[in-house]
Amino acid sequence: MAPRAEGRVGMTTALEGIRVLDLTGMGPAGCAAMTLGDMGADVIRIDLPVGSSGSRGVGDGLVQHLLGDPDEAARWFASLSRSRNRKNVTINLRSEAGQRVFHKLVETADVVLEAFRPGVMDRMNAGYETLSSLNPRLIYCAVSGYGQTGPYHNIPGHDANFAAMGGVLALIGRNRQEAPVCAVNVVADMAIAFVNAALGIALALLARERTGRGQMVDISMTDGVISLLTGIPGAMEYFHTRALPKRGETLTSGTTASYYVYRTKDDKWLTVCPIEPKFWANLCRALGHEEYIPLQYDRGRQQEMIDTLQGIFLTRTRDEWFDLLAEADVPVGKVLEFDELQDDPQVKARQMFLDVKDPRFGVIRQFGFGIKLSDTPATIRNLGGAVGSDTEAVLREAGYSPDELDELRRQGAI
């Protein structure tokens, strides 16, 4: 039986009635728009027409252009989780006629979410001051690398740049002699551009209920990375201890026996993280090395303990060790490859992969919902579509007549 993709019949979603104009392109802030859509918001994705002057493929227009085949493009978007629960409109924001169309949509919107470099939206007559004058209740969320102010605000970048500038990258790695390790794109992109943007919008909507006014939500990925330091050992206590946190020298750096990734008999990997003394004691007893219990924080013995434990972990498979150590009450986790992840019993129980029936392509697998609400659950109402596939429907709903739409096409506005 496929996991349920819909909420209970007749149940209101958390953001029902909220309209979001999404200009996030292919960047991580698009996942914030996806989450708002999952929670019931009416998300309208705005793309510049492919090939328009200065177009950056505000998003997947570039993908659609490269695919060439409209059917293959439609299949691509249906399988892309962040395309779901949205309508797709193309508007040339670099033309005056296109800007007027966008302004008309803004008048009835609750949220504008964009991820351009600071100043780009202003140059398209679509910045916060302009749009808030049209709709004082508008929540305008801008996601950028360094925020809307400061000397670095217009410097381009990606996750590793912001993780570095935010002080987190310097702490990731085995020692200070080796280069820091880039954590894919999870530090600035996923933890900040995705999560902080969605949270910031939700907070602004809540505040609007009290004040009646919209506001600017300025999400700097670098600011967010710095805020992560509040929970990183070695950094969070710095203002008290004045001890500078150093890569490879904190208790949870990946160079201590009680926070390590061990290879197993079947050439797989196991994360073993008994940081707390009681869990460390449980591990030592389970592995038959109780003499190591008082040595957990002895820096001079770490490599010896790592080597000893590594030898033991090579005697059983990853899954055997997981079952044994979980039973022994030790913090342990399997390093799952992506194809294994989808079949893990915990992942299945939490419905983190959903099989959704699509009339065009049959069953499409999607990522599940990371936020679970008991009374107003997330839903998948549609799997989205190709760039511009809903332009006419959305603009007709906004009040444009067929003749007016033809004129907008003639002007290159849509």
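Residues numbered from 1 in each chain as written. Predicted model: local features only at pLDDT ≥ 70, side-chain atom pairs only at ≥ 80, totals over all residues. Heavy atoms only, no water.

Trainee: Tell me about the pattern of salt bridges, and name the residues and values.
Mentor: Enumeration according to the criterion identifies 18 salt bridges in this entry. Here Arg208 makes a salt bridge to Asp110, at a shortest N to O gap of 2.8 Å. With Arg208 in helix H8 (residues 186–211) and Asp110 in the loop between helix H4 (96–106) and strand S4 (111–114), this pair connects stretches of sequence that are 98 residues apart. Like Arg208, the residue Asp110 is buried in the burial classification. Note that Asp267 is salt-bridged to Arg263, the shortest N-O span being 2.3 Å. You can call Arg263 partly exposed: its relative accessible area is 32%. (Salt bridge = Lys/Arg side-chain N within 4 Å of Asp/Glu carboxyl O. Helix = DSSP H or I, 4+ residues; strand = E, 2+ residues; numbered from the N terminus. Buried < 20%, exposed > 50% of the residue type's maximum accessible area, 1.4 Å probe, protein only.)

Trainee: Just give me the short version of the packing of aromatic side chains, but keep the residues and values in it.
Mentor: Summed over all chains, the structure comprises 10 aromatic pairs. Ring centres of Tyr238 and Phe239 lie 5.6 Å apart, and the angle between their planes is 70°; on these two criteria the pair is classed as edge-to-face. Given the relative accessible area of 26%, Tyr238 is considered partly exposed. For Phe239, a relative accessible area of 67% corresponds to the exposed category. (Phe/Tyr/Trp six-rings, centres within 6.5 Å; stacked < 30°, edge-to-face > 60°.)

Trainee: Tell me about unusual backbone geometry, residues and numbers included.
Mentor: A positive phi angle, near 55°, is found at Asn85, a position not held by glycine. By the element assignment, Asn85 lies in the loop between helix H3 (70–79) and strand S3 (86–90). For Asn85, a relative accessible area of 2% gives the class buried. One non-glycine residue, Asn125, lies in the positive phi region at around 60°.

Geometric descriptors of this kind do not, in isolation, establish any biological role.
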